[in-house]
Protein chains: 2
Amino acid sequence: MPDKEVKIVEAVPNFSEGRDISKIEKIIDSIKNIEGVKILDLNVDPQHNRSVITFTCGIERIIEAGLSMIKTAASLIDMEKHSGLHPRFGATDVFPIIPITASMDDCIIASRNLGRLVGSELNIPVYMYSESAMVPERRNLENIRNKNVQYEELKELIKTDKYRPDFGPDRLGSAGAVIIGARPALIAYNIYISTDDIKIGRRIASALRGRDGGLNTLKTLAFYIEARKMVQISMNITDYKKTSIYKIFELLSIECRRYNVYPVESELIGLMPMDALIDVFNYYMKSNITRDKILEYKIFT
Amino acid sequence: MPDKEVKIVEAVPNFSEGRDISKIEKIIDSIKNIEGVKILDLNVDPQHNRSVITFTCGIERIIEAGLSMIKTAASLIDMEKHSGLHPRFGATDVFPIIPITASMDDCIIASRNLGRLVGSELNIPVYMYSESAMVPERRNLENIRNKNVQYEELKELIKTDKYRPDFGPDRLGSAGAVIIGARPALIAYNIYISTDDIKIGRRIASALRGRDGGLNTLKTLAFYIEARKMVQISMNITDYKKTSIYKIFELLSIECRRYNVYPVESELIGLMPMDALIDVFNYYMKSNITRDKILEYKIFT
């Protein structure tokens with residue numbers, strides 16, 4: 001076990017390749033032999049032509065790991081040939097670093113040092129976002145990269161003040177640009193509702209969405225999922241310590257009643273911190289337990 | 001971290017001393033230097049004059065640890081001088097061994113080998129119970145040791161067929177007898193209800209109790225807790241995989257309504273396996289997650 005002294009970070013880099021597995025394997029191979037690196041999860045999405053690799057390591061290794069992955073991705077992925085639904089800037093599109101036993105400040109420092117080296121050694125433009133943003137407007141990822149500003153548009157925009165990179169050259173090669181930053185753990189959580197009417201889904205998504213006056217730190221979208229013939233409310237909880245999952249589920253249930261529909265099933269995409277699980281238990285059981293009451297946590301940490 | 005190959009067991013031995021901490025410390029010291037031993041929890045109860053030590057180790061060390069603790073307890077605790085509310089047989093009263101990454105069969109074999117050595121090397125009578133019972137009637141602890149059959153009564157009873165020990169001599173020294181066995185993890189869980197009427201508490205406890213037609217694998221008792229001026233429903237879940245905590249809480253809530261009372265707060269005594277937490281989450285969130293979705297579990301195991 002990584003003993004308690006070790007400062008562990010989690011990284012969930014997104015790469016603009018979701019169809020050619022062999023390229024993703026090469027990117028993973030590029031960090032396999034770095035001491036302490038542990039691959040936790042891999043999500044390959046052909047529809048979005050995008051892959052997400054989840055791994056952990058000691059903070060002293062994250063810069064080495066990041067440089068190695070970003071360099072490998074740049075050599076394998078040509079943005080001139082890339083297409084997919086999801087907005088994207090570059091071969092390595094986003095590189096989030098999340099504190100586990102390390103502090104957020106540790107992660108901010110490490111992410112900026114990684115950004116500096118990606119710019120100087122790999123000659124790739126870098127935008128720092130979230131907690132690591134060096135320009136206030138860049139704290140929110142959607143303000144940097146969105147449906148209307150992607151790799152193609154950035155070629156010109158990068159020469160403007162608004163889009164001057166935080167590190168690296170102000171021109172775009174075939175590897176595009178990388179968005180790097182430290183951020184809190186994020187929970188990706190979906191709830192299917194008993195309707196195929198996307199309009200109902202959009203209204204419920206809006207009722208829950210922080211931006212529209214719903215739960216703060218909650219981002220929502222509604223999709224019609226052909227395979228299930230059902231509407232899915234797709235959510236990102238950007239601060240699970242403030243917005244507990246039970247609040248989301250109960251509020252969604254209440255909104256469903258307006259339309260005589262109900263939540264059918266919920267699913268977690270990727271991993272969830274144990275505290276988010278404990279919050280739900282404590283609410284429904286009227287208890288007040290902590291991680292120290294969980295057998296496996298006591299045994300393995 | 002104990003790597004996945006290591007077969008880990010948990011032990012929660014109960015000792016008949018809850019007032020003189022120094023004796024409990026000596027018992028803990030007797031296993032401190034055994035490789036892989038990790039003390040997880042200590043509960044010292046002066047009212048019952050009884051202590052519970054929770055620890056884990058590799059299964060290859062549990063016999064050494066058990067012998068060392070039982071020998072130390074026998075040298076420090078004189079049952080002739082012991083009194084307390086809780087039924088008890090000996091200095092080391094019960095020695096349960098619980099599978100963590102080891103199998104139940106592994107634990108049954110280890111517990112019987114421990115029992116044999118306690119009998120032959122320490123010359124203390126041993127009764128095997130639960131999964132390790134060598135006589136069917138001894139599977140249930142209450143059939144061996146109860147309010148009416150304790151250390152004092154056992155002095156005579158031990159000479160009868162019914163109470164012939166599974167290992168060791170059929171006479172009782174000042175260390176009494178030890179009850180040893182492998183059993184599944186048990187959850188000790190209490191719910192406080194909004195009344196000071198113990199009669200209501202007893203009725204609710206009975207409605208939930210497996211033996212009285214309630215939830216199978218659930219043992220319940222009602223106590224009036226002076227410090228809280230409230231009734232506490234005290235429960236042991238002997239098989240949490242069959243009897244989930246949400247079922248207990250919801251059924252208790254329904255029974256409370258008969259008397260216009262409600263559950264005020266619930267508390268966990270000792271530790272709980274992560275799967276019991278996940279069961280509750282999955283029920284209320286209509287999800288189907290497993291331990292592999294929990295970040296800390298993936299990182300530390």
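Calculation rules
Residues numbered from 1 in each chain as written. Chains lettered and ligands numbered in written order. Predicted model: local features only at pLDDT ≥ 70, side-chain atom pairs only at ≥ 80, totals over all residues. Heavy atoms only, no water. 1 Å grid on protein atoms, 1.4 Å probe; cavity = no way out; pocket = protein on both sides within 12 Å on 5 of 7 lines; lining within 4 Å. Points joined across faces, edges and corners; volume = space filled by probe spheres on them. Helix = DSSP H or I, 4+ residues; strand = E, 2+ residues; numbered from the N terminus. Nonpolar A, V, L, I, M, F, W, Y, C, P; charged D, E, K, R; others polar. Pairing = 2+ DSSP bridges. Salt bridge = Lys/Arg side-chain N within 4 Å of Asp/Glu carboxyl O. Buried < 20%, exposed > 50% of the residue type's maximum accessible area, 1.4 Å probe, protein only. Contact = heavy atoms within 4.5 Å. Buried area = accessible area lost by both parts, 1.4 Å probe. Polar contact = N/O pair within 3.5 Å; in protein donor to acceptor, adjacent residues only side chain to side chain. Phe/Tyr/Trp six-rings, centres within 6.5 Å; stacked < 30°, edge-to-face > 60°. Lys NZ or Arg CZ within 6 Å of the ring centre and 35° of its normal. Axes fitted to C-alpha atoms, helices over the stretch in contact; angles between N-to-C directions. pLDDT = per-residue confidence, 0-100. UniProt positions renumbered as here; feature names shortened; annotations may be inferred. Parallel < 35°, antiparallel > 145°, perpendicular 65-115°, else oblique. Left-handed = near helix turned anticlockwise from the far one by under 90°. Least-squares fit on C-alpha atoms with pLDDT ≥ 70 in both.

## Some words on empty space enclosed by the protein
For step 1, the next point in the chain: Counting across every chain of the model gives one cavity of 30 Å³ or more.
For step 2, the next point in the chain: Empty space within the largest cavity amounts to approximately 40 Å³.
For step 3, the next point in the chain: At the level of elements, helix 9 (295-300) of chain A together with helix 9 (295-300) of chain B are the ones that each hand at least two residues to the lining of the largest cavity.
For step 4, the next point in the chain: Partitioned by chemical class, the residues of the lining of the largest cavity number six nonpolar, two polar and two charged.

## A look at the pairing of strand 3 (residues 38-45) of chain A
Residue and element names in this part refer to chain A.
For step 1, the next point in the chain: Of the pairings in the sheet, the one linking strand 3 to strand 4 (residues 50-58) comprises seven bridges and is antiparallel in character. Opposite Lys38, over in strand 4, you have Thr56 as the bridge partner.
For step 2, the next point in the chain: Hairpin connection from strand 3 to strand 4: four residues lie between these consecutive antiparallel strands, with Asn49 at a positive phi of about 50°.

## Notes on the pattern of salt bridges
For step 1, the next point in the chain: Applying the stated rule across the entire model yields 44 salt bridges over all chains.
For step 2, the next point in the chain: Where Lys219(B) meets Glu142(B), a salt bridge forms, and the shortest distance between an N and an O atom there is 2.9 Å. Highlighted residues: Lys219(B) in strand 9 (residues 218-225) and Glu142(B) in helix 4 (residues 141-144), separated in sequence by 77 residues.
For step 3, the next point in the chain: For Glu142(B), a relative accessible area of 37% corresponds to the partly exposed category.
For step 4, the next point in the chain: In this structure, Glu265(B) engages Arg228(B) in a salt bridge whose closest nitrogen and oxygen atoms are separated by 2.8 Å. Highlighted residues: Glu265(B) in strand 11 (residues 263-269) and Arg228(B) in the loop between strand 9 and strand 10 (230-237), separated in sequence by 37 residues.
For step 5, the next point in the chain: Exposure remark for Glu265(B): the relative accessible area of 28% places this residue in the partly exposed category.
For step 6, the next point in the chain: Here Arg228(B) falls in the partly exposed class, since its relative accessible area comes to 31%.
For step 7, the next point in the chain: Residues joined in a network through salt bridges with shared partners are Glu35(A), Arg61(A) and Glu64(A).

## Side note on the interface of chain B and chain A
For step 1, the next point in the chain: With 46 residues of chain B at the interface, the matching set in chain A holds 46 residues.
For step 2, the next point in the chain: Buried surface at the junction of chain B and chain A, summed over both partners, amounts to about 4,300 Å²; 71% is from carbon and sulfur atoms.
For step 3, the next point in the chain: Inspection of the chain B/chain A interface yields two salt bridges.
For step 4, the next point in the chain: Of the charged contacts, one joins Arg291(B) and Glu296(A) as a salt bridge, the two residues approaching to 3.3 Å between their closest N and O atoms.
For step 5, the next point in the chain: Scanning the region where chain B abuts chain A turns up 24 residue pairs in polar contact (both at pLDDT 80 or more).
For step 6, the next point in the chain: Taken together, the residues of the side of chain B that touches chain A break down into 30 nonpolar, seven polar and nine charged.

## Let's talk about the packing of aromatic side chains
Aromatic ring pairs are described here by two measures, namely the spacing of the ring centres and the angle between the planes.
For step 1, the next point in the chain: Tallied over the entire structure, the rule returns eleven aromatic pairs over all chains.
For step 2, the next point in the chain: On the basis of an interplanar angle of 5° and a centroid distance of 4.1 Å, the ring pair of Tyr246(A) and Tyr283(A) is categorised as stacked. Linking Tyr246(A) in helix 7 (residues 245-258) with Tyr283(A) in helix 8 (residues 274-284), this pair joins segments that are 37 residues apart in sequence.
For step 3, the next point in the chain: Residue Tyr246(A) is classed as buried on the basis of its relative accessible area of 18%.
For step 4, the next point in the chain: Look at Tyr283(B) and Tyr284(B): their rings are 4.8 Å apart centre to centre, the planes differ by 85°, and that puts the pair in the edge-to-face class.
For step 5, the next point in the chain: On the basis of relative accessibility, which here comes to 43%, the residue Tyr283(B) falls in the partly exposed class.
For step 6, the next point in the chain: Grouped by ring-pair contacts, the aromatic residues Tyr246(A), Tyr283(A), Tyr284(A), Tyr246(B), Tyr283(B) and Tyr284(B) constitute a single cluster.
For step 7, the next point in the chain: Directly above the aromatic system of Tyr192(A) lies the positively charged group of Arg228(A), at a separation of 4.3 Å from the ring centroid.

## Looking at the sheet that holds strand 11 (residues 263-269) of chain A
Residues and elements named next belong to chain A.
For step 1, the next point in the chain: A sheet is described by the order of its strands in space; here four strands give the open sequence 9-10-8-11, paired in antiparallel fashion. In this open sheet, the two edge strands, each paired with only one partner strand, are strand 9 (218-225) and strand 11. The sheet shows a mean angle of 20° between the axes of neighbouring strands, direction not considered.
For step 2, the next point in the chain: Alignment of strand 9 against strand 10 (residues 230-237), held across eight bridges, turns out to be antiparallel. Looking at strand 10, one finds that Ile225 is bridged to Met230.

## With respect to the confidence of the model for chain A
For step 1, the next point in the chain: Summarising the model, chain A shows a mean pLDDT of 94, and 98% of its residues fall at 70 or more.
For step 2, the next point in the chain: Reported confidence for the predicted complex is 0.78 by ipTM and 0.79 by pTM.

## Digging into the sheet that holds strand 11 of chain B
All names here are of chain B.
For step 1, the next point in the chain: The strand order 9-10-8-11 describes an open sheet built from four strands, whose pairing is antiparallel. Taken across any chain shown, the strands that pair with only one partner, and hence form the sheet edges, are strand 9 and strand 11. Here the strands of the sheet are splayed against their neighbours by 20° on average, with no regard to which way each runs.
For step 2, the next point in the chain: Strand contacts of helix 6 (residues 198-208): strand 8 (187-193), strand 9 and strand 10, with the helix running at about 170° to strand 9, the strand carrying the most contacts.
For step 3, the next point in the chain: In this fold helix 7 (residues 245-258) packs onto strand 8, strand 9, strand 10 and strand 11, with an angle of close to 25° to the strand it touches most, strand 8.

## Looking at the UniProt feature "domain: Formiminotransferase N-terminal subdomain" (unreviewed entry) in chain A
For step 1, the next point in the chain: Per the UniProt annotation, the sites labelled "domain: Formiminotransferase N-terminal subdomain" (unreviewed entry) are residues 7-184 of chain A.
For step 2, the next point in the chain: With 33% helix and 22% strand, residues 7-184 of chain A has its two end C-alpha atoms placed 15 Å apart.

## A look at the environment of Arg61(B)
All names here are of chain B.
For step 1, the next point in the chain: Note on placement: Arg61 falls in helix 2 (residues 59-76).
For step 2, the next point in the chain: Given a relative accessible area of 25%, Arg61 falls into the partly exposed group.
For step 3, the next point in the chain: With 53 residues separating them in the primary sequence, Arg61 and Ile8 have C-alpha atoms 9.6 Å apart.
For step 4, the next point in the chain: Excluding its chain neighbours within four sequence positions, the residues that come into contact with Arg61 are Ile34 and Glu35.
For step 5, the next point in the chain: A distance of 3.3 Å separates polar atoms of two side chains, one belonging to Arg61 and the other to Glu64.

## Thoughts on the packing of helix 1 (residues 21-32) of chain A against helix 2 (residues 59-76) of chain A
Residues and elements named next belong to chain A.
For step 1, the next point in the chain: Two elements in contact, helix 1 and helix 2, have axes whose closest approach is 8 Å; the angle formed by their N-to-C orientations is 155°. Judged by the inter-axis angle, helix 1 sits roughly antiparallel to helix 2. The crossing of helix 1 and helix 2 is right-handed. Residues Lys23, Lys26, Ile27, Ser30 and Ile31 of helix 1 lie in contact with helix 2, whose contacting residues are Ala65, Ser68, Met69, Thr72, Ala73 and Leu76.
For step 2, the next point in the chain: The residue makeup of the contact of helix 1 with helix 2, split by class, is six nonpolar, three polar and two charged.

## Some thoughts on the side chain of Gln232(B)
Residue and element names in this part refer to chain B.
For step 1, the next point in the chain: Assignment of secondary structure puts Gln232 in strand 10.
For step 2, the next point in the chain: One polar contact links Gln232 to Glu267, side chain to side chain, over a distance of 3.2 Å.
For step 3, the next point in the chain: Those residues in contact with Gln232 that sit more than four places away from it in its chain are Asn190, Ile191, Tyr192, Leu221, Ala222, Phe223, Ile225 and Glu267.

## Structural notes on the relation of the copies chain B and chain A
For step 1, the next point in the chain: Least-squares fitting of chain B to chain A yields an RMSD of 0.1 Å, with the transformation described by 0.0 Å of translation along the axis and a rotation of 179°. Put plainly, the chains are arranged around a two-fold axis.
For step 2, the next point in the chain: The residues that chain B uses at the interface reappear at the interface of chain A in 100% of cases, marking a shared surface.

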